[in-house]
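Here's the letter readout for the chains.
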Amino acid sequence: QAGVSRSVAVVTAYLMKTEGLRCEEAYAAVRAAKPDAEVNPGFQGQLKLYEAMGCAVDTSSVLYKRYRLQMLTERYPELQDLPREVFAVDPTSICQTPITEVLYRCRKCSRRALFRGSSILSHTEGSGPAAFARKRITDSAQLYGDGREKCTSYFTEPVQWMEPALLGVLEGQLLCPKCTSKLGSFSWRGEQCSCGRWVTPAFQIHKSRVDEVRTLPAGNFQAAKT
């Protein structure tokens, strides 16, 4: 039976792509032709992801990045020797870009670029204070209703400079690699955003600890803080 579930998943994905079928419709068509066809939960999750990405494999998609991170703790329970591609390129690395880029720098030392806007993994807004019903409502949760931001942190993909802190540890602090000021925290088991949404795994940088900087093409550093 080895490979049976994989072959069913491949045919289902093919029908989704070529016939424009939704995941359930394509799977039902395969089952109609072969009643004993079955896809295991892992492949079901991948087919749902494939559908959500428009039947294309987009490695830059937030959905893809989140799925890849969630799979890491299953495949690497010791959190050692993680694949290099999991870590976003350090924004201090020299690279050419044809468009204006948004960077986020440490507010305290005002010099160290920490992550790019493309590394932010957005999430669906949570339910606010209701999500904190079983514990003391934090000050950040109380921001609901007074007009201020509900999400007081950026949740990002791991960046290369974070690697020494992340390997072999389930949770801990994220410090600026230049001035060592505290930027936020991480947890492979997940953390709760101030909006109430639980994010897993979580690499959380507090918005109050960074400045947004817009750089010009070709790596120029003429920028304006916002």
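None of these values were measured; they are calculated from a predicted model. (Residues numbered from 1 in each chain as written. Predicted model: local features only at pLDDT ≥ 70, side-chain atom pairs only at ≥ 80, totals over all residues. Heavy atoms only, no water.)

## Some details on the sheet that holds strand E1 (residues 101-106)
- With antiparallel pairing, three strands are arranged side by side in an open sheet as E2-E1-E9. Only two strands of the sheet have a single partner each, and these edge strands are strand E2 (113-116) and strand E9 (210-215). For this sheet, the mean inter-axis angle between neighbouring strands, taken without regard to orientation, is 35°.
- As defined by bridge partners, E1 adjoins E9 across six bridges and the pair is classed as antiparallel. Looking at E9, one finds that tyrosine 104 is bridged to glutamate 212. (Pairing = 2+ DSSP bridges. Helix = DSSP H or I, 4+ residues; strand = E, 2+ residues; numbered from the N terminus. Axes fitted to C-alpha atoms, helices over the stretch in contact; angles between N-to-C directions.)

## A short note on the environment of tyrosine 27
- Positionally, tyrosine 27 belongs in helix H2 (residues 23-33).
- As for tyrosine 27 and valine 39, which are separated by twelve residues in sequence, their C-alpha atoms are 8.6 Å apart.

## Considerations on the pattern of salt bridges
- The tally for this structure, following the rule as stated, stands at eleven salt bridges.
- Measuring nitrogen to oxygen at the nearest pair gives 3.8 Å for the salt bridge that ties arginine 22 to glutamate 51. Here glutamate 51 lies in helix H3 (residues 41-52) and arginine 22 lies in the loop between helix H1 (4-19) and H2, a separation of 29 residues in the sequence.
- Via salt bridges that share partners, Arg22, Glu24, Lys48 and Glu51 belong to a single interconnected network. (Salt bridge = Lys/Arg side-chain N within 4 Å of Asp/Glu carboxyl O.)

## Regarding the nonpolar core
- Leu114, Phe115, Met162, Leu166, Leu183, Trp188 and Ile205 are the most contacted members of the largest nonpolar core, which has 27 residues in total.
- Among the secondary structure elements, those contributing two or more residues to this core are helix H4 (62-75), E1, E2, strand E5 (182-187) and strand E8 (202-206).
- No other element matches E1, which puts three residues into this core.
- When residues no more than four places from it in sequence are discounted, the contact partners of leucine 183 are Cys106, Leu114, Trp161, Leu174, Leu175, Cys176, Gln204, Ile205, His206 and Arg209.
- Counting residues in hydrophobic clusters, the runner-up holds 15 residues, among them Ala26, Ala37, Leu47 and Tyr50. (Core = buried A, V, L, I, M, F, W, Y, C linked by side-chain atoms within 4.5 Å. Buried < 20%, exposed > 50% of the residue type's maximum accessible area, 1.4 Å probe, protein only. Contact = heavy atoms within 4.5 Å.)

## Here's the deal with the sheet that holds strand E4 (residues 171-175)
- Overall, antiparallel pairing links the four strands, which are arranged E3-E8-E5-E4 in an open sheet. Here the strands that pair on one side only, and so sit at the sheet edges, are strand E3 (153-155) and E4. Strand-to-strand twist of the sheet, defined as the mean angle between neighbouring strand axes without regard to direction, takes the value 25°.
- Here five bridges tie E4 to E5, and the two strands are oriented antiparallel to one another. The residue of E5 that forms the bridge with glutamate 171 is serine 187.

## With respect to the packing of aromatic side chains
- On inspection of all chains with the given rule, the structure shows four aromatic pairs.
- Between phenylalanine 115 and tyrosine 154, the ring centres sit 5.9 Å apart and the planes meet at 65°, which makes this aromatic pair edge-to-face. Here phenylalanine 115 is found in strand E2, whereas its partner tyrosine 154 is found in strand E3, with 39 residues between them in sequence.
- Of the residues examined, phenylalanine 115 reaches a relative accessible area of 1% and is grouped as buried. (Phe/Tyr/Trp six-rings, centres within 6.5 Å; stacked < 30°, edge-to-face > 60°.)

## Description of unusual backbone geometry
- Cis geometry marks the peptide bond from threonine 200 to proline 201, where omega comes out at -20°.
- For leucine 79, which is not glycine, the phi dihedral falls at a positive 55°.
- Turning to its location among the elements, leucine 79 is positioned in the loop between H4 and E1.
- For aspartate 81, which is not a glycine, the phi torsion comes out positive at approximately 55°.

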